[in-house]
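Per-entry structural report
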Amino acid sequence: MTQLEEFTTPVDAVVSRMRVLAATLPARDGVAVFNRVYLAVTESVGHRIETGAFTDVRAATTLDVRFAERYLAAVDAATADGRPPACWRPLFQFRRHPGVRPLQFALAGINAHIGHDLALAVVDACRTLDCDPAELEDEFDRVGDLLVTLEERIREDLMPGPDLLQIADPLTHLLGAWSLERARDATWSAARALWALRRLPDLATEFTDRLDAAVGFAGRMLLTPLPD
């Protein structure tokens, strides 16, 4: 049995793929930095699903898996020299840049995944479950709360210490302009808008493309190389 076959649930399947990435990518690689963060999130969500923290297990599982699949599809596209969504391109472009700090890589990945992928994952899950976004709001909020908690831990773990305050000043300024809570709120609005546009495919595609580009622009700013 291969590593990718060692799973029993859909969440286990995406966790297994992330573990393979974690084992194969160099630790300093920007995608590896984000992957470690997201693997921890997905493992935590999987544990909470198994222990009954989510009222609707099927809805929580579907949303979590559809969400993870969008990140993994972006990795697959980049690995195959394809064209991942615009929101992910800055991370793949700058993943080995020596002037970008690990915290920037982590938050740029979170920005792409929350700002773009989560809205589309909500729509994907609604189609799978034949429900409206309102019926997934509790699951959306629980996952979002976990991500906010994790972001706080990431900032604590990856920010330079007080002795590097002078170096950290531009990093603090740069990252202070982005908020996961604001991104999450905007994502929920985007998901509802996309669901409302589902019978207007041209408008839905235009809306998705503009969302992708805007999130990609924010990601590029988060990855601004900083002095040593």
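Residues numbered from 1 in each chain as written. Predicted model: local features only at pLDDT ≥ 70, side-chain atom pairs only at ≥ 80, totals over all residues. Heavy atoms only, no water.

1. Comments concerning the confidence of the model for the chain
Mean pLDDT over the chain stands at 88; residues scoring 70 or higher make up 87%. Residue range residues 1–7 is modelled with pLDDT below 50. Its contacts to residues more than four positions away, or to other chains, number 8 contacts. (pLDDT = per-residue confidence, 0-100. Contact = heavy atoms within 4.5 Å.)

2. Concerning the layout of surface pockets
Size it by volume and the second largest pocket reaches roughly 190 Å³. What lines the second largest pocket is N111, G115, W178, R182, A183, A186, T187, L211, A214, V215 and A218. Secondary-structure elements contributing two or more residues to the lining of the second largest pocket are α5 (102–129), α8 (180–196) and α9 (201–222). Here the lining of the second largest pocket is built from residues that sort into 7 nonpolar, 3 polar and 1 charged. (1 Å grid on protein atoms, 1.4 Å probe; cavity = no way out; pocket = protein on both sides within 12 Å on 5 of 7 lines; lining within 4 Å. Points joined across faces, edges and corners; volume = space filled by probe spheres on them. Helix = DSSP H or I, 4+ residues; strand = E, 2+ residues; numbered from the N terminus. Nonpolar A, V, L, I, M, F, W, Y, C, P; charged D, E, K, R; others polar.)

3. Side note on the packing of aromatic side chains
For the structure shown, the criterion picks out 8 aromatic pairs. Ring plane angle 20° and centroid distance 5.6 Å describe the contact between F34 and Y38, whose orientation is recorded as stacked. Of this pair, F34 and Y38 both sit in helix α2 (residues 30–50), 4 residues apart, roughly one helical turn. Look at Y38 and you get buried, because its relative accessible area is 3%. Through a chain of ring-to-ring contacts, three or more aromatic side chains come together here, namely F34, Y38, F67, Y71, W88 and F92. (Phe/Tyr/Trp six-rings, centres within 6.5 Å; stacked < 30°, edge-to-face > 60°. Buried < 20%, exposed > 50% of the residue type's maximum accessible area, 1.4 Å probe, protein only.)

4. Here's the deal with empty space enclosed by the protein
For the structure shown, the criterion picks out 1 cavity of 30 Å³ or more. Roughly 70 Å³ of internal volume is contained in the largest cavity. Elements represented by at least two residues in the lining of the largest cavity include exactly α2, α5 and α6 (137–158). Split into classes, the residues belonging to the lining of the largest cavity amount to 10 nonpolar, 1 polar and 1 charged.

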